[in-house]
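Architecture and fold: a report
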Amino acid sequence: MQRILIDTDPGVDDAFAILLALRSPELHVEAITTVCGNTPVVQATQNLLTILGVLDLDQFPVIAQGEAQPLVKPLVTAAHVHGEDGLGNTSQLRTANGSLLYPPANTEVSSMAGVDLILEMAARYPDELVIVTLGPLTNIAKAIRKDAPKMRRLRKIVVMGGVFEEYGNVTTTAEFNIFVDPHAADEVFQFGVPVHIAPLDATHQVILTGERLHAEVDKRDSPISRFLKDSTQACMEFYRQHVGFWGLHIHDALPIGMLTYPDYFKSVDAYVQVETEGTLTNGMTVADLRRERQPFNPNAQVCVKVTAEAFLDDFFERLQ
Ligand code: RIB
Ligand code: CA
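This text gives an overview of the structure that appears in the document. (Residues numbered from 1 in each chain as written. Chains lettered and ligands numbered in written order. Predicted model: local features only at pLDDT ≥ 70, side-chain atom pairs only at ≥ 80, totals over all residues. Heavy atoms only, no water.)

A look at the site of ligand 1
Taken together, the neighbourhood of ligand 1 is formed by 13 residues, with Asp13, Leu134, Asn169, Glu175 and Asp252 sitting nearest. Asp9 places a side-chain nitrogen or oxygen 3.1 Å from an oxygen atom of ligand 1. One of the side-chain nitrogen or oxygen atoms of Asp13 is found 2.6 Å away from an oxygen atom of ligand 1. When ligand 1 is considered free in solution it has 280 Å² of accessible area, and contact with the protein chains removes 97% of it. Counting residues per element, the ones that place at least two in the shell around ligand 1 are helix H1 (12–22) and helix H7 (176–180). Of the residues that constitute the shell around ligand 1, the class distribution is three nonpolar, five polar and five charged. (Near = heavy atom within 4 Å. Polar contact = N/O pair within 3.5 Å; in protein donor to acceptor, adjacent residues only side chain to side chain. Areas by Shrake-Rupley, 256 points an atom, 1.4 Å probe, with all protein chains shown as cover. Helix = DSSP H or I, 4+ residues; strand = E, 2+ residues; numbered from the N terminus. Nonpolar A, V, L, I, M, F, W, Y, C, P; charged D, E, K, R; others polar.)

Written as structure tokens, this is what we have:
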């Protein structure tokens, strides 16, 4: 069983990852911290409570709110993809009697800052804790700045972010999580704790069509499946118009999958740097992934191949 802390900016696809993690017996989600990204961090924290409210949990992970601004750049959000509330506008959905269709979980948000909860968990589980990042890396970089020795005891950091041999999804060269806070990403990648990256090169291999999602929802008609259907409506319309298919990439579910069924993921060693000064290339993740150019000083493993259909089948098996 792997002890993990999830750092997230929910986020429609973050919800897929969080639900999968909490339905995976291989993982124990010790804590969840929120970070600015898809939506401002206060809304991200509300969205996390909504996601947890969909599950019938006896016990909840410890929750803390993280950083509201990237290290250097002004915050860029993604309401055009994830909806005004960052969660497919599910916060506005009501039942016939006017109550919230998806009420928040009955659990408290810690008064601790997200960075301090990260450090507390790193100290509580030395050489064991795995951090899974689903948004910009601001919280992680600030935790390293605040107490590097504690953060050096992390087992590894699994990151959804970056793009290497494809185009970016924010600019031609940059993926959203890295673009929002390139300085944080570079500090994390250069820190020395093992980093496993699920870039767009991998997440784009998993295509969840609207037809497949709705078929899976109709098969189960559970609170989770109804929530996944409701929360993805706006996002799938964005994909229809701007990506070329009706559905979505569940980017953030891949780092979780890399922990629960690693055989579905093939990675290569790489030395990854992040462009923090460029104008056209700001937020670009730079690495040479060619086999014959394997670096003498890798700082990351980059996922390049996913057994996509098996991953999706297992995903829906778990989200009963
Ligand atoms: O580029 C995809 C990533 O950016 C995902 O984590 C998505 O939730 C957004 O945060
Ligand atoms: Ca995310």
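So, next bit.
So, the coordination of the calcium ion (ligand 2)
Bound to the calcium ion (ligand 2) on the protein side are Asp9 (OD), Asp14 (OD), Asp14 (OD), Leu134 (O) and Asp252 (OD), at distances that span 2.2 to 2.6 Å. Within one chain, the residues serving as donors to the calcium ion (ligand 2) are arranged as D-x4-D-x119-L-x117-D. As far as burial versus exposure is concerned, Asp9 and Asp14 are alike and both buried. (Donors = N, O, S within 2.8 Å, 3.2 Å for Na, K, Ca; no water. Buried < 20%, exposed > 50% of the residue type's maximum accessible area, 1.4 Å probe, protein only.)

Remarks on the packing of helix H2 (residues 41–54) against helix H11 (residues 223–231)
Running from N to C, H2 and H11 cross one another at 140°; their axes reach a closest spacing of 9 Å. It follows from the interaxial angle that H2 and H11 lie oblique. Contacts between H2 and H11 involve Thr50, Ile51 and Val54 from the former and Pro223, Ile224 and Phe227 from the latter. Per-class residue counts for the contact of H2 with H11 are five nonpolar, one polar and no charged. (Axes fitted to C-alpha atoms, helices over the stretch in contact; angles between N-to-C directions. Parallel < 35°, antiparallel > 145°, perpendicular 65-115°, else oblique. Contact = heavy atoms within 4.5 Å.)

Here's the deal with the nonpolar core
Ile4, Phe16, Phe227, Leu248, Ile250 and Ile256 are the most contacted members of the largest nonpolar core, which totals 60 residues. In terms of residues, this core owes the most to one element, H1, which gives eight residues. Dropping the residues within four chain positions of it, Phe227 is found in contact with Ala15, Leu19, Thr50, Ile51, Val54, Leu87, Thr90 and Tyr102. Val115, Leu137, Phe164 and Val274 belong to the second largest nonpolar core, which has 39 residues in total. (Core = buried A, V, L, I, M, F, W, Y, C linked by side-chain atoms within 4.5 Å.)

Structural notes on helix H4 (residues 114–124)
Every buried residue of H4 is listed here: Gly114, Val115, Leu117, Ile118, Leu119, Met121 and Ala122. Buried residues along H4 sit against strand E1 (2–8), strand E2 (27–34), strand E3 (62–65), strand E4 (130–133), helix H5 (138–146) and helix H6 (148–152).

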